[in-house]
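Residue strings, one per chain:
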Amino acid sequence: MRLADHITRLPRAVEPLRGQDVAAPYDLSGPVHELIIGAAGTSPYLCHLLDRERDWAAQAMADINAARAALLTFDADGFAELRQAKRRAALLTALCDLGGAWSLGEVTGFLSAFADHVVERALGAELRPLIKAGKVPADHGLFVLAMGKHGAGELNYSSDIDLVVLFDDAGLTPVDAGERRRHLVRAMRGVVKRLSEVTADGYVFRTDLRLRPDAAVTPIVMSTSAAEAYYESAGRTWERAAYIKARVAAGDQAAGARFLAAMAPFIWRRHLDFAAIEDAHSMILKIRDHRGLHGPITLPGHDMKLGRGGIREIEFLAQTRQLISGGRDPRLRPSATRAALEALTGAGWLAPDTAATLDAAYVSHREVEHRLQMMRDAQTHALPHSEEGFERLAALMGLERPALEARLTQTLEDVHAATEPFFAPEGPRDTPSEPQWGEDVTAAWGRYPALRSERAQRLFERLRPDILARLQDAADPERALRHFDAFLAGLPAGVQVFSLFEANRQLLDLVIDIASIAPALAQHLGRNAAVIDAVLAGQFFSPWPGAAALSAEFAAAMARHADYETQLNALRGTVREWHFRVGVHHLRGLTTSAEAGQQYADLAEAVLAAVFPVVCADMAARHGPPPGQGAAVVAMGSLGAGRLHATSDLDLLLIYDAAGQESSTGARPLATRAYYARLTQRLITALQAPMEQGRLYEVDMRLRPSGRNGPLATSLAAFESYQRNDAWTWEHLALTRARAVAGTAEVRAAVEAVRCALIAAPREPAQVATDVADMRARIFAARPGIKELDAKDGPGRMQDLELFAQTLALLAGSDRRDVAGQLAAGQGAGTIDAGALDTLLAHAALLWHVRSVTRLVLKPGQSADALPGISADQFLAREMPPGATSVARALSDAATDIAKAFEACLVTWQAAANSGSRGA
């Protein structure tokens with residue numbers, strides 16, 4: 001690959017005669033001749049290299065690929081040989097960069113790969129004599145981490161290299177580890193000298209080892225155990241950011257990979273880490289203070305790396321965003337800046353136009369940086385102070401000076417405009433002085449755990465005026481303040497949450513809404529504040545994935561852990577976030593009550609589908625695989641019908657088919673009945689046991705055959721026999737909503753076949769009507785008081801409507817499980833007419849809406865009387881029927897219609913006792 005064939009741009013020569021003098025011996029023509037003149041006639045450093053390395057350079061330009069490969073594979077390690085290689089690498093890079101033959105990525109990638117190679121060569125040269133003398137073993141465990149631009153493959157033209165040097169001390173006694181470290185420190189000092197010492201031949205790379213843990217007091221080579229202990233106990237945000245770019249550059253690759261894997265939890269936090277924004281902003285301000293870089297952008301002497309609008313602002317934005325959300329989304333972990341910007345854009349964390357601006361500016365800034373360094377091989381990032389210096393820079397860029405200055409000014413301003421708002425979030429709005437109302441509430445805030453630290457207090461004081469102003473805008477400010485107070489009181493710590501609020505004021509609006517409308521949800525947030533970050537996750541507002549996709553996600557979340565209890569705890573955290581998502585979408589009107597009900601049911605079904613195999617596997621490890629065909633988890637009640645609310649428990653059965661097998665076959669076998677009873681108990685425990693991340697669901701098994709007195713698990717044969725011969729009418733009614741949601745396909749299909757056959761069996765309408773009337777009377781007697789906004793209890797309310805629908809389905813022999821489907825089955829059987837069906841469906845939707853809303857906004861155990869007025873006005877009324885004057889009146893009217901229709905059907909069935917007609 002000839003350089004001449006790939007030249008796309010050319011530098012200008014500030015001193016053409018000097019450039020021509022250097023170019024003449026090359027005996028070349030065309031663009032490559034002009035390239036040499038421009039480089040040598042503008043850069044004193046390149047002029048020197050082109051003159052000193054003339055013979056090699058002529059061959060390299062004839063085949064730049066071969067030259068590149070040779071520089072990355074040479075096997076010399078002497079001082080002179082390493083420095084000669086560096087000169088040639090610098091010259092090849094400059095010619096390919098200035099001529100446009102290499103992109104920015106190819107330039108920085110080659111420089112980084114070359115640095116890796118020379119570090120490996122120098123390290124080998126220093127370790128070989130120690131290994132030969134028996135002072136360190138051949139498997140010494142030493143590895144060198146490339147940090148910063150070197151680690152990211154973005155090394156600049158005249159950069160130093162930042163290295164962290166560690167050795168794996170696993171299996172070593174403290175004495176042996178100390179002895180090995182002593183020899184490795186000696187070797188590493190030799191490496192630094194071999195690379196950094198300036199001789200008559202120059203130097204290779206300035207080498208900086210100060211990014212190691214607590215560099216002021218620690219040796220230049222540390223053990224991995226000491227490093228891990230430091231980062232776990234004292235690691236800071238800037239060190240987390242640094243390790244985003246860390247990469248094993250030389251030494252024991254396997255040991256380095258193990259260390260970086262162990263560092264992942266330190267770098268990538270599980271929850272969104274907006275506190276990193278303040279840390280990054282503080283770092284930027286400290287850098288500016290230290291270097292005097294405050295003030296407006298002026299070009300002479302402006303620092304292209306650290307100054308306003310410079311490279312570091314782009315890098316900090318990308319790295320900080322990665323720290324915030326990379327723990328949740330591994331796609332956001334690229335080490336290279338441009339790749340990070342692309343990943344963040346794809347995940348929705350950066351607007352495409354902002355990312356495009358920053359990406360273009362990054363390329364432009366790095367090209368300017370490289371040309372500044374090419375002039376004199378100086379590790380500088382500062383624009384020239386003199387006119388002559390600007391003229392040389394413009395010439396190397398192939399531009400006229402006015403065009404360069406205009407481009408620099410615009411690009412720097414664009415970067416600063418795009419990044420500064422991120423690091424300096426909007427301050428408090430113009431608000432009146434602190435409200436006089438609620439002083440008895442706000443006076444206690446300073447004593448809450450969330451405001452213990454000075455940093456939390458500082459963050460909260462910036463937010464406080466805005467919080468109070470937004471609370472004042474609520475429909476019931478005093479109620480909203482009290483509920484926000486409950487949220488604040490429940491927070492175990494505040495820095496993270498307050499940082500979230502400061503960085504995203506829309507999130508603060510959401511929490512104020514929750515405090516105003518849904519105090520139960522606000523209390524949950526206070527105790528589980530980590531779920532707030534789910535709102536900011538990239539998929540929070542994506543379409544609902546459905547039960548199958550959720551089940552796969554839950555299974556993957558558990559599979560990342562080997563320990564059974566850790567798996568269950570990890571699942572709880574993930575499920576809690578999805579549960580919160582459903583509630584937030586419902587609260588904000590993004591979903592209807594019907595959609596929220598389906599989503600809560602999908603969530604529970606996905607949990608069962610993911611948990612049951614894990615419970616079975618744990619049981620199998622103890623007592624062998626499940627005997628026979630295995631078991632099915634059968635959802636009853638609301639989950640069977642595919643509709644839950646925010647605080648629903650789960651009505652479940654476990655039905656198994658032993659296929660004649662009397663016991664399990666494991667190391668500690670159990671009799672089949674005992675095996676499945678214990679399996680059921682373990683499933684219940686897995687679902688409802690409180691753990692660090694809370695519990696999944698309360699479980700109710702009372703719908704199993706014989707109720708509380710029956711065995712926890714029922715064989716398929718016993719289940720079928722009981723249902724055919726001994727079950728009460730209410731048990732057949734319950735069966736109309738049964739649905740197998742987890743377990744083996746064979747048993748699930750068998751359960752469904754039994755269910756459908758039992759429902760389709762002929763039955764006497766009069767007897768069913770008599771039994772149902774008796775059930776209604778018992779239910780009403782147990783709960784005689786009817787609250788105004790209670791959608792569940794009482795004649796014609798939700799429980800009564802569901803019983804009506806189940807009765808219609810049973811008498812029609814329909815396999816439908818949902819209320820709407822069962823009502824439609826009654827219409828299809830001629831029991832109710834089409835007009836009545838439409839009325840009942842509308843009433844059913846209203847009842848479910850009120851029921852789902854009250855369960856979302858009230859605390860467990862609270863009656864509908866405690867419902868805040870704001871909820872009734874802004875939330876309940878969303879799905880009111882046309883012309884309704886109030887929610888309470890609409891509920892009462894609906895209940896009256898439903899009760900009349902139900903009672904009319906009961907009378908009809910009983911009157912038709914001898915007609916022989918099903919359901920007529």
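This is a predicted model, so every value here is computed, not measured.

Basis of the calculations
- Residues numbered from 1 in each chain as written.
- Predicted model: local features only at pLDDT ≥ 70, side-chain atom pairs only at ≥ 80, totals over all residues.
- Heavy atoms only, no water.
- Helix = DSSP H or I, 4+ residues; strand = E, 2+ residues; numbered from the N terminus.
- Buried < 20%, exposed > 50% of the residue type's maximum accessible area, 1.4 Å probe, protein only.
- Contact = heavy atoms within 4.5 Å.
- Salt bridge = Lys/Arg side-chain N within 4 Å of Asp/Glu carboxyl O.
- Axes fitted to C-alpha atoms, helices over the stretch in contact; angles between N-to-C directions.
- Parallel < 35°, antiparallel > 145°, perpendicular 65-115°, else oblique.
- Nonpolar A, V, L, I, M, F, W, Y, C, P; charged D, E, K, R; others polar.
- Core = buried A, V, L, I, M, F, W, Y, C linked by side-chain atoms within 4.5 Å.
- Expected span 1.5 Å × (residues − 1).
- pLDDT = per-residue confidence, 0-100.
- Left-handed = near helix turned anticlockwise from the far one by under 90°.
- Phe/Tyr/Trp six-rings, centres within 6.5 Å; stacked < 30°, edge-to-face > 60°.
- Lys NZ or Arg CZ within 6 Å of the ring centre and 35° of its normal.
- Pairing = 2+ DSSP bridges.

1. Digging into the overall build of the protein
Secondary structure summary: the protein contains 39 helices and 10 strands in total. In the protein, which comprises 920 residues, the share counted as buried stands at 54%. When contacts within the protein are restricted to residue pairs at least 6 apart in sequence, long-range pairs at least 24 apart make up 74% of them.

2. Comments concerning the pattern of salt bridges
Across all of its chains, the model carries 45 salt bridges by this definition. Across the salt bridge formed by arginine 739 and glutamate 605, the nearest N and O atoms sit 2.8 Å from each other. In this pair, arginine 739 is assigned in strand S10 (residues 739-743) and glutamate 605 in helix H28 (residues 593-623), connecting sequence segments 134 residues apart. Residues arginine 739 and glutamate 605 agree in their burial class; the two are buried. The network of salt bridges with shared partners includes Arg9, Asp97, Glu367, Arg371 and Arg407.

3. Brief notes about the packing of helix H27 (residues 564-587) against H28
Interhelical geometry of H27 versus H28 gives an angle of 175° and a closest axis separation of 10 Å. Between H27 and H28, the angle falls in the class roughly antiparallel. Residue-level contacts link Tyr564, Gln567, Leu571, Val575, Trp578, His579, Arg581, Val582, Gly583 and His586 of H27 to Ser593, Ala596, Gln599, Tyr600, Leu603, Val607, Val611, Val614, Val615 and Asp618 of H28. For the contact of H27 with H28, the class distribution of residues is 12 nonpolar, six polar and two charged.

4. Focus on the side chain of serine 158
As for its placement among the helices and strands, serine 158 is situated in the loop between helix H8 (148-151) and strand S2 (161-167). The buried category is assigned to serine 158, whose relative accessible area is 1%. Setting aside chain neighbours within four positions, we find serine 158 in contact with Tyr203, Arg206, Gln373, Asp377, Ala378 and Gln379.

5. Quick look at the nonpolar core
Counting residues in hydrophobic clusters, the biggest one holds 91 residues, and the most contacted among them are Trp445, Phe484, Phe498, Phe554 and Leu652. Excluding residues within four positions of it along the chain, phenylalanine 554 makes contact with Leu571, Thr574, Val575, Trp578, Leu603, Ala606, Val607 and Ala610. In terms of nonpolar packing, the next biggest core, distinct from the first, is built from 85 residues, Leu91, Phe110, Leu155 and Leu393 among them.

6. Quick word on helix H21 (residues 477-490)
For H21, built from 14 residues, the straight-helix expectation of 20 Å at 1.5 Å per residue is met to within 8% by its first-to-last C-alpha distance of 20 Å. Burial in H21 covers these residues: Ala480, Leu481, His483, Phe484, Asp485, Phe487 and Leu488.

7. Thoughts on unusual backbone geometry
With the exception of glycine, most residues fall at negative phi, and the peptide bonds are largely trans. Even without being a glycine, aspartate 27 presents a positive backbone phi close to 50°. Relative to the helices and strands, aspartate 27 resides in the loop between helix H1 (16-23) and helix H2 (30-40). For aspartate 27, a relative accessible area of 69% puts it in the exposed group. Despite not being glycine, aspartate 214 has its phi angle at roughly 45°, a positive value. In this structure, aspartate 214 sits in the loop between strand S3 (207-208) and strand S4 (221-223). Residue classification places aspartate 214 among the partly exposed residues on the basis of a relative accessible area of 39%.

8. Notes on the side chain of arginine 737
Relative to the assigned elements, arginine 737 resides in the loop between helix H32 (729-735) and S10. Residue class for arginine 737 comes out buried when judged on its relative accessible area of 8%.

9. Regarding the confidence of the model for the protein
Of all residues in the protein, 90% attain a pLDDT of 70 or more, and the chain-wide mean is 88. Here residues 426-433 scores under 50 on pLDDT; set against residues more than four positions off or in separate chains, the count is nine contacts. Segment residues 916-920 is flagged for pLDDT under 50; beyond a separation of four residues in sequence, or across chains, it makes 18 contacts in the model.

10. Looking at the packing of helix H20 (residues 454-472) against helix H23 (residues 505-517)
Where H20 contacts H23, the two axes come as close as 10 Å, and the packing angle between them is 45°. As far as their axial angle goes, H23 and H20 are oblique. The interaxial crossing formed by H20 with H23 has right-handed handedness. Of the residues in H23, those touching H20 at Leu463, Asp466, Ile467, Arg470 and Leu471 are Arg505, Leu508, Asp509 and Ile512. Of the residues assigned to the contact of H20 with H23, the class counts are five nonpolar, no polar and four charged.

11. A word on the packing of aromatic side chains
Applying the stated rule across the entire model yields 17 aromatic pairs. Both rings, one in tyrosine 656 and one in tyrosine 676, keep their centres 4.3 Å apart while their planes meet at 5°; by these two values the pair is stacked. Of this pair, tyrosine 656 sits in strand S7 (residues 650-657) while tyrosine 676 is found in helix H30 (residues 672-688), placing the two residues 20 residues apart along the sequence. Accessibility assignment for this pair places tyrosine 656 and tyrosine 676 in one class, buried. Relative to phenylalanine 902, the ring of phenylalanine 804 has its centre 4.5 Å away and its plane inclined at 15°; by these criteria the two rings are stacked. Taken together, the positions of phenylalanine 804 in helix H35 (residues 798-812) and phenylalanine 902 in helix H39 (residues 887-911) put the pair 98 residues apart, joining distant regions of the chain. In this structure phenylalanine 902 comes out as buried when scored by relative accessible area, which is 0%. Taken together, the ring pairs in this structure connect Phe143, Tyr230, Tyr231, Tyr243, Phe259 and Phe266 into an aromatic cluster. Here the guanidinium or amino end of lysine 86 rests over the ring plane of phenylalanine 205, the centre of that ring lying 4.3 Å away.

12. Some words on the environment of alanine 67
Relative to the assigned elements, alanine 67 resides in helix H5 (residues 64-71). In this structure alanine 67 comes out as buried when scored by relative accessible area, which is 9%. The spacing of alanine 67 and alanine 57 is 10 residues in sequence and 9.1 Å in space, taken between C-alpha atoms. Ignoring sequence-local partners within four residues, the contact set of alanine 67 consists of Trp56, Ala60 and Leu92.

13. Quick notes on the pairing of strand S1 (residues 142-146)
A large share of S1 lies buried, amounting to five of its five residues. Alternating positions in S1 separate into two faces, Leu142, Val144 and Ala146 on one and Phe143 and Leu145 on the other, with burial throughout. The sheet contact formed by S1 and S2 spans five bridges and is antiparallel. By the bridge assignment for S2, valine 144 is matched with valine 165. By the bridge criterion, four bridges tie S1 to strand S5 (residues 247-251) in an arrangement that is antiparallel. Bridged to alanine 146 within S5 is arginine 247.

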